[in-house]
Amino acid sequence: MTQLPAKTERKLGLVIDLDTCVGCHACVISCKGWNTENYGAPLSDQDPYGANPRGTFLNRVHSYECTPADGAAQLIHFPKSCLHCEDAPCVTVCPTGASYKRVEDGIVLVNESDCIGCGLCAWSCPYGARELDRAEGVMKKCTLCIDRIYNENLPEEDRIPACVRTCPAGARHFGDFADPESNVSKLVAERGGMDLMPEQGTRPVNKYLPPRPKDRIDSDAAPALKPVAEEASGFFAWLDKALEKL
Amino acid sequence: MHPAPSVIIFTTFSGLGFGLLTFLGLGLPEVTGMTAFLLFAVAYLFAVGGLIASTFHLGHPERALKAFTQWRTSWLSREGWASVIALALMALYGAGLVFLGQRWVLLGYAGALMSLLTVFTTSMIYTQLKTIPRWHTALTPVRFLSFALAGGALLAGQVKTAILLLLVAGVVQVAHWMRGDGALAASGTTLASATGLGRIGDVRAFEPPHTGSNYLLEEFVHVVGRRHSQKLRVISILLMVAVPVALLMLPFNHLIAALAVLSHVLGVLVARWLFFAEAEHVVGLYYGKRHA
Amino acid sequence: MGYQQPVVDTSPKVSDEVRKTTCYMCACRCGINVHMKDGKVAYIEGNRDHPVNRGVLCAKGSSGIMQHNAPSRLRAPMKRVGPRGSGEFEEISWDEALEIATSWLKPLREKHPEKLAFFTGRDQSQSFTSFWAQNFGTPNYAAHGGFCSVNMAAAGIYTMGGAFWEFGQPDWDHTKLFMLFGVAEDHDSNPIKMGIGRIKARGAKVIGVNPIRSGYNAVADEWVGITPGTDGLFILSLIHVLMKSGRIDLDYLARYTNAPCLVNAAEGPEKGLLLRDGDGKPLVIDRTSGKPVPFDQPGVRPRLNATLERDGTTHRTVFHLMATRYLSEEFAPESVAERCGVPAERIRAIAAELARVAFDEAFELEREWTDFRGETHKSMIGRPVSFHAMRGISAHANGFQTCRALHVLQIILGTVEVPGGFRFKPPYPKPAEAHPRPHVGVTPGAPLDGPHLGFVHGPEDLALKEDGSPARIDKAFTWENPMSSHGLMHMVISNAHAGDPYRIDTLFMYMANMSWNSTMNTAGVMEMLTDRDPETGEYVIPRIIYSDAYSSEMVAYADLILPDTTYLERHDCISLLDRPICEADAAADAIRWPVVEPDRDVRGFQSVLVDLGARLGLPAFVNEDGSPKWRDYADYIVNHERKPGVGPLAGWRGKDGSKTGRGEVNPEQLDRYIENGGFFVAHIPEGADYYKPWNTAYQDWAVGMGLYDSPQPYLFQLYVEPMRRFQLAAEGHGTRQPPEHLRQRILDTMDPLPIWYETDQTGNEGFSINALTQRPMAMYHSWGTQNAWLRQLHGRNPLYVPTKIMREAGLKDGDWARVSSPHGSIVVPVMEMAALNENTVWTWNAIGKRKGAWALTPDAPEATKGFLLNHIIHELLPPKGDGLRWANSDPVTGQAAWFDLKVKIEKAAEPDERSECDPAFPPIKSPVGTGPKELRWKVGK
Ligand SMILES: Nc1nc2c(c(=O)[nH]1)N[C@H]1C(S)=C(S)[C@@H](COP(=O)(O)OP(=O)(O)OC[C@H]3O[C@@H](n4cnc5c(=O)[nH]c(N)nc54)[C@H](O)[C@@H]3O)O[C@H]1N2
Ligand SMILES: Nc1nc2c(c(=O)[nH]1)N[C@H]1C(S)=C(S)[C@@H](COP(=O)(O)OP(=O)(O)OC[C@H]3O[C@@H](n4cnc5c(=O)[nH]c(N)nc54)[C@H](O)[C@@H]3O)O[C@H]1N2
Ligand code: SF4
Ligand code: SF4
Ligand code: SF4
Ligand code: SF4
Ligand code: SF4
Ligand SMILES: [Mo]
């Protein structure tokens with residue numbers, strides 16, 4: 001089980017558009033809500049009304065400032081959840097087989113009833129995509145909403161992850177990367193989807209679309225506008241002519 | 001990394017315990033009867049006690065047996081098997097020594113090998129982690145093994161060997177530190193590669209994703225001040241190597257030997273604390289150094 | 001051996017039942033599906049059919065379950081037992097609570113109705129609460145608009161019959177360039193995000209004008225990191241460039257705006273007024289006949305640059321005045337660049353880009369429509385440039401004029417109510433004339449003579465008493481702020497405390513945390529609320545009744561608490577009479593209904609008002625025989641009619657529910673709403689959906705819906721004549737005259753064409769750094785903090801400081817800094833930010849909390865490391881030495897000028913031992929205790 005499948009039939013995952021994410025945290029909270037009520041143990045919170053509130057979340061939104069060599073600093077909101085890596089180290093390190101990668105769709109899951117809560121899988125994940133639930137003592141991670149995407153009790157259009165369904169800006173896309181014609185594959189192709197920490201060799205399934213170039217208006221925009229006249233009187237003369245044409 | 005006491009205790013004592021078992025398996029010293037019993041008791045106390053301590057940080061220790069299932073891929077699982085085999089072999093071997101006065105040499109060698117293998121598997125749990133560049137090096141198993149052997153020799157009363165091995169362990173430790181300090185930078189993993197944003201310009205963590213804490217921050221993002229860690233490094237080398245070696249140079253007596261062991265164990269504990277506390281997990285990059 | 005893996009149940013049952021209602025984690029009013037398990041709320045997601053959010057939900061909305069179950073919920077009515085401000089209360093029964101309230105209010109109504117001041121916060125039932133107040137007979141009613149964004153609303157309505165957000169929205173489907181001014185989040189929360197997402201998906205451009213580059217401005221393709229308070233200048237400069245290059249929509253200006261209207265240029269009492277015919281219709285010169293004719297005459301083609309000599313007086317067009325003003329070098333990019341902090345070339349480039357997209361990317365929709373002059377147009381011309389703006393430009397003391405300038409910019413580009421531009425949502429467009437004027441006619445024992453709030457058109461509409469003193473406690477509609485259409489809730493407590501203009505007896509408030517984050521001068525306000533008259537020993541504000549649902553900071557300052565339900569436990573009505581959920585394509589309204597019953601002794605506040613109204617015998621709340629007219633709010637929503645056939649809800653009217661807009665009462669109306677997901681939508685027919693102010697098809701449709709009583713096409717008011725009337729008074733004309741000290745200010749600020757002026761900087765010497773707040777997208781003012789999930793995201797708030805100031809003040813991340821204004825100082829933690837105007841600092845709004853509030857432990861980070869800028873903002877400007885204290889608000893509308901705050905920053909002297917922000921107010925006693933130590937929230941099995 002903790003061996004990785006040689007190949008998965010499908011490669012389900014997310015595309016996250018960094019050009020569009022406004023950093024609203026909607027995906028964070030809807031993920032928390034869905035996964036508290038669904039797959040496995042609820043995502044607990046410690047000291048929720050006290051001095052050190054903390055809890056388990058499967059998706060978190062960071063933000064970074066990038067300062068180009070010549071230009072204003074930019075701010076990029078950066079959501080991050082499990083990337084369902086093809087070479088998932090979190091699976092192979094797991095001593096109990098609780099962590100596994102599904103052969104049919106490539107989803108990396110934790111079978112909570114087998115998990116001893118040793119934390120090793122979280123140690124091995126470069127992305128911080130796993131959090132040990134302090135109340136339940138088991139490892140929690142993004143399930144890619146496995147209990148939504150195939151759920152026959154949900155209407156067809158809702159069989160997508162909670163975070164994707166809720167994202168107001170439409171910055172999250174769900175699909176099959178094994179299919180070159182899928183929405184996600186096309187987005188990756190068109191917008192230059194990228195891997196996080198490629199040097200870690202995890203081969204993440206989830207891809208990130210880089211922000212588009214910014215602050216180009218001075219160089220790219222329409223040619224500067226030419227005055228129709230320098231003086232008010234000239235302007236009124238122009239006006240008369242312009243009005244004639246209407 | 002968060003220096004969890006249970007893990008520090010586990011790695012320190014199980015290392016010493018298996019180190020001692022290695023020497024006992026090799027017949028160094030050749031003991032039988034009560035002496036053997038005492039030495040084996042100490043070895044088992046350390047090795048098994050350490051193993052038990054390691055379950056303290058588990059969320060579900062009652063499911064620990066499940067950890068034996070994944071030996072094909074998991075070093076933690078292999079460690080489980082190795083330790084059980086080592087302990088079983090050495091128990092049989094020890095019983096022969098204690099109760100029958102018999103030394104089954106081949107069994108002893110096998111037990112010694114398995115004991116070292118156990119230490120090796122433990123070290124591989126850390127070594128395999130690409131996410132912690134400081135640990136991801138062949139020096140890590142060398143370090144674990146040299147510590148186990150030095151400690152084992154010390155406990156086994158192998159004065160000359162111990163002096164030598166302690167010095168080796170000291171050198172290995174220093175080498176591990178020296179390499180470790182540049183490991184993250186050398187790993188090629190940076191905030192720029194972590195975010196893919198390096199192409200825009202200089203990347204800096206801005207707001208953390210939450211002002212509250214979480215498992216990742218508590219477990220992985222532990223920052224030790226540089227001056228603090230330098231001090232502790234010196235202390236640990238003094239306690240672990242210098243003091244025991246100096247004591248062992250003195251004419252042997254049991255008090256001195258006990259002091260040497262005590263000093264060594266304390267030194268290893270400090271070194272082990274540093275091993276964890278100084279380890280930078282790459283996930284820390286995502287959080288920048290800007291969390292409180 | 002094959003690959004083995006556990007079997008996962010991929011089709012678990014999601015819930016027992018889905019109940020659809022309307023979110024109220026903020027005022028955006030999205031539709032939600034509440035999944036129920038075992039009769040409890042299990043999961044909340046967006047309603048895909050809902051016009052506002054189409055299925056998406058923000059972080060707040062998704063965490064509703066944590067608010068609905070928050071330990072901070074009030075549990076029963078309470079009577080104060082300790083001193084005010086202590087938080088010591090005793091729980092009482094509803095009967096006792098309502099009797100107390102009746103015993104306080106009844107005598108007031110009989111003798112001095114104005115001694116009740118009833119102010120509501122971000123209330124979504126203003127048509128009902130104002131109706132109640134009107135029935136009570138007090139002139140002292142308003143909601144929160146005065147401290148929120150009245151500048152934006154009033155400038156929009158006076159200029160074009162509606163502003164942004166609930167008044168209208170960009171044509172997200174067609175727009176190709178979206179320019180956003182001063183918005184961090186806004187109430188159009190999900191729709192803006194959805195819109196930006198759609199624009200981005202098309203690869204179209206967003207320009208963000210904001211000193212801070214976060215959120216929407218972070219994804220904007222172009223960032224204009226403007227110097228706060230200078231947007232008006234920047235916009236007028238864009239107008240300058242566009243006019244000067246002739247890149248403006250002359251046809252649009254001539255047809256649909258008052259640009260061609262003739263303005264009297266002769267000195268005297270008529271100067272600057274529009275030339276009108278006998279029916280009061282503004283006159284334009286027709287291009288064909290060359291004659292002055294009423295603007296709306298069939299076939300008229302108004303001329304933009306006409307001059308008319310009549311009775312020895314020259315009349316020039318509004319457009320002529322605009323050209324004269326805006327072509328001036330005063331507004332050239334080079335003249336404004338430095339003050340705005342935007343390079344001149346960038347201003348020119350933005351103007352060029354606006355023009356390029358508006359004119360060179362213009363397109364046509366093949367939709368025939370007929371305008372109010374009877375002319376039929378074969379198609380609709382699209383100008384795909386759209387704008388949105390909010391408090392960043394409105395919460396300054398020059399905000400009204402700045403918002404006006406922005407509307408004028410949209411109008412000269414011809415992008416309002418056209419495809420690709422900005423579009424109104426019903427019941428807008430609705431010009432200022434179509435709104436009521438303010439009423440203050442008090443008769444003891446009887447209702448007020450009309451609605452409280454409205455739009456003034458000249459000095460005669462001001463709310464003044466015979467002696468010229470303010471009729472309202474908040475001094476709305478006075479010479480200090482003539483166009484204060486939303487009232488001035490932020491001045492109520494200080495005016496009532498000062499007895500200026502008069503004393504009141506009972507302050508009755510609802511849903512506003514007025515001792516904390518919604519007030520300026522927090523410490524001062526807490527004192528005013530607890531101050532006693534030295535002679536009588538009584539509180540200076542004798543009685544305070546407050547309705548809140550949670551244990552907020554304000555609760556401690558009330559004498560009687562009427563605990564409200566959570567939003568999932570009550571009826572609400574989001575009505576076309578008020579602030580509905582319409583879209584540009586449709587009229588829509590919505591309800592909330594109790595998807596769960598309260599498990600505490602609390603009641604929906606509107607139902608409590610219904611009950612109180614009956615106990616007080618208010619005419620609209622009792623039958624002839626004095627018995628209560630409505631059982632509760634639900635009963636009122638269904639059965640009340642404002643005018644025959646028009647009630648709070650527009651859907652499923654008529655006895656059998658077959659009528660829309662107008663129709664008899666339908667007793668089953670609420671059931672129909674619930675079946676439909678809690679909302680109702682009536683689509684605008686194609687061809688009626690653009691050019692609404694001038695489109696006969698739209699006007700007729702609106703009359704049918706009950707939005708108007710008759711078609712009322714109008715012109716956009718580039719020139720706002722009512723403002724000129726106030727200037728005329730200030731020039732000495734007319735009988736109602738401003739006090740001397742205000743004359744000059746009225747002349748200076750009430751210009752009928754947009755201007756920019758620097759806000760009053762007296763007393764700010766040495767305080768030169770702009771200090772702002774922004775709303776976090778995942779927090780709603782003070783009330784997000786009680787939410788266990790959200791407070792992990794924003795549990796404390798650093799002050800974000802630009803790199804340059806960090807260096808200058810020798811600060812590094814996490815240091816404590818002292819931030820001072822002329823009013824006081826705070827000590828707060830700082831954090832560096834690069835993507836920020838270099839002379840601006842900011843923090844998240846309303847994260848800081850008082851110890852003891854919100855059922856948090858007193859050591860909660862919100863109370864130790866969270867802070868408010870409100871502590872150093874005063875409701876009055878620093879003294880000028882003229883013996884007067886001028887209000888920190890816009891001189892036109894009274895809008896609270898939160899963002900005019902100027903500070904200085906230094907490293908705090910005692911950095912090491914500090915662990916808490918300054919000031920640290922003493923804790924208040926929690927009436928509800930504190931929450932549990934751990935949450936493992938899962939309902940059902
Ligand atoms: N520094 C600074 N200050 C500001 C602003 C700023 O930008 N900067 N913004 C200003 C603006 S625009 C506004 S609108 C104000 C907002 O300030 P407030 O109107 O005070 O907003 P809230 O903090 O949301 O407080 C509303 C109160 O309503 C209560 N409440 C919540 N839900 C319910 C309910 O269902 N029923 C009842 N009865 N009560 C409920 C909450 O518990 C809370 O006590 O803040 C203003 N203050
Ligand atoms: N999540 C969430 N949503 C909310 C609220 C909330 O508390 N939380 N509150 C609601 C309420 S009551 C309101 S009124 C709306 C307000 O919605 P917004 O208008 O978005 O309110 P603010 O967050 O105050 O944002 C003001 C923005 O203006 C910028 N700004 C300040 N001064 C200037 C200036 O001079 N020029 C320019 N161009 N920009 C400037 C600030 O940097 C900030 O980005 O949001 C509503 N929506
Ligand atoms: S919901 Fe969408 S826009 Fe919001 S933070 Fe998540 S990905 Fe970004
Ligand atoms: S992101 Fe982390 S947890 Fe997810 S598959 Fe990759 S390594 Fe495993
Ligand atoms: S924490 Fe659980 S899932 Fe992770 S490695 Fe340990 S047993 Fe496997
Ligand atoms: S896919 Fe599901 S589990 Fe994963 S982040 Fe999104 S909501 Fe959370
Ligand atoms: S924007 Fe969010 S909080 Fe506001 S109504 Fe919509 S879902 Fe609810
Ligand atoms: Mo507001």
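The notes below deal with the structure included here. Only a predicted model underlies this, so the values are computations on that prediction, with no experimental measurement involved.

### Notes on the overall build of chain A
Helix and strand counts for chain A stand at eight helices and eleven strands. For chain A, the C-alpha radius of gyration of 24 Å lies well beyond 18 Å, the compact-globule estimate for 246 residues. Principal axes of the C-alpha set define a box for chain A whose edges measure 85 × 50 × 45 Å. Going through the 246 residues of chain A one by one, you find that 70% of them count as buried. Of all intrachain contacts in chain A linking residues separated by at least 6 positions in sequence, the fraction that spans at least 24 positions is 60%. Carbon and sulfur atoms make up 51% of the accessible area of chain A, which amounts to about 7600 Å² in all. Treating the 27 positive side-chain charges of chain A as one cloud and the 35 negative ones as another, the clouds have centres 2 Å apart.

### Thoughts on the interface of chain B and chain C
Of the residues lining the interface, ten residues belong to chain B; the matching set on chain C comes to 15 residues. Between chain B and chain C we count zero salt bridges in total. In this structure, the connection of chain B to chain C is made through eight residue pairs in polar contact (both at pLDDT 80 or more).

### With respect to the pairing of strand β30 (residues 799-802) of chain C
Residue and element names in this part refer to chain C. Residues of β30 alternate between two faces, with L799 and V801 on one and Y800 and P802 on the opposite face, all of them buried. Bridge count for β30 against strand β32 (residues 824-833) is four bridges, and the pairing is parallel. Directly across from V801, in β32, lies its bridge partner E832.

### Some points on the interface of chain C and chain A
On the side of chain A, 95 residues touch chain C, which itself brings 98 residues to the contact. Here chain C meets chain A over a buried area of about 8000 Å², counting both sides, of which 58% is carbon and sulfur. Taken together, chain C and chain A are joined by eleven salt bridges. Across the pair R165(A) and E45(C) runs a salt bridge, and its minimum N-O distance is 3.8 Å. Taken together, the connections running from chain C to chain A amount to 44 residue pairs in polar contact (both at pLDDT 80 or more). At nine residues, the largest contribution of residues to the side of chain C that touches chain A is made by helix α13 (residues 344-360) of chain C. For the side of chain C that touches chain A, a count of residues per class yields 50 nonpolar, 23 polar and 25 charged. Where strand β2 (residues 45-46) of chain A meets strand β35 (residues 934-935) of chain C, two bridges bridge the pair, whose relative direction is antiparallel. Bridged to D45(A) within β35(C) is L935(C).

### Quick notes on the sheet that holds β35(C)
The three strands are arranged β3(A)-β2(A)-β35(C) in an open sheet whose pairing can be described as antiparallel. Two strands in the sheet have a free side with no partner beyond their single neighbour: β3 (54-55) of chain A together with β35 of chain C.

### Concerning the site of ligand 6
All names here are of chain A. The full set of residues close to ligand 6 is C31, N35, N59, S81, C142, T143, L144, C145, P161, A162 and C163. Looking at the shell around ligand 6, the elements that each hand over two or more residues are α1 (26-37) and α5 (162-166). In the shell around ligand 6, the residues fall into seven nonpolar, four polar and no charged.

### Quick notes on α1(A)
All names here are of chain A. For α1, built from twelve residues, the straight-helix expectation of 16 Å at 1.5 Å per residue is met to within 8% by its first-to-last C-alpha distance of 17 Å. Here α1 lies mainly inside the structure; twelve of its twelve residues are buried. All buried positions along α1 are accounted for by A26, C27, V28, I29, S30, C31, K32, G33, W34, N35, T36 and E37.

### Quick look at the sheet that holds strand β9 (residues 177-181) of chain C
Residues and elements named next belong to chain C. A sheet is described by the order of its strands in space; here four strands give the open sequence β11-β10-β9-β21, paired in parallel fashion. Edge positions in the sheet fall to β11 (222-224) and β21 (385-389), since each has one partner strand and no second. Put simply, the sheet's adjacent strands are angled 15° from each other on average, direction ignored. Pairing between β9 and β21: five bridges, direction parallel. Paired with L180 across the bridge in β21 is H388. Running at roughly 135° to strand β10 (residues 205-209), helix α7 (residues 189-201) makes contact with β9, β10 and β21 of the sheet. Packing of helix α9 (residues 231-244) onto the sheet brings it into contact with β9, β10 and β11, and relative to β9 it is tilted by some 150°.

### Describing the side chain of T127(B)
Residue and element names in this part refer to chain B. Its place among the elements puts T127 in helix α4 (residues 105-127). T127 gets classed as buried once you look at its relative accessible area, which sits at 8%. Setting aside residues up to four positions removed in sequence, T127 forms contacts with W135, H136, T137, T140 and P141.

The rules behind each value
- Residues numbered from 1 in each chain as written.
- Chains lettered and ligands numbered in written order.
- Predicted model: local features only at pLDDT ≥ 70, side-chain atom pairs only at ≥ 80, totals over all residues.
- Heavy atoms only, no water.
- Helix = DSSP H or I, 4+ residues; strand = E, 2+ residues; numbered from the N terminus.
- Rg over C-alpha atoms; globule rule 2.2 N^0.38 Å.
- Buried < 20%, exposed > 50% of the residue type's maximum accessible area, 1.4 Å probe, protein only.
- Contact = heavy atoms within 4.5 Å.
- Areas by Shrake-Rupley, 256 points an atom, 1.4 Å probe, with all protein chains shown as cover.
- Lys, Arg positive; Asp, Glu negative; His and termini not counted.
- Charge placed at Lys NZ, Arg CZ, Asp CG, Glu CD.
- Salt bridge = Lys/Arg side-chain N within 4 Å of Asp/Glu carboxyl O.
- Polar contact = N/O pair within 3.5 Å; in protein donor to acceptor, adjacent residues only side chain to side chain.
- Pairing = 2+ DSSP bridges.
- Buried area = accessible area lost by both parts, 1.4 Å probe.
- Nonpolar A, V, L, I, M, F, W, Y, C, P; charged D, E, K, R; others polar.
- Near = heavy atom within 4 Å.
- Expected span 1.5 Å × (residues − 1).
- Axes fitted to C-alpha atoms, helices over the stretch in contact; angles between N-to-C directions.

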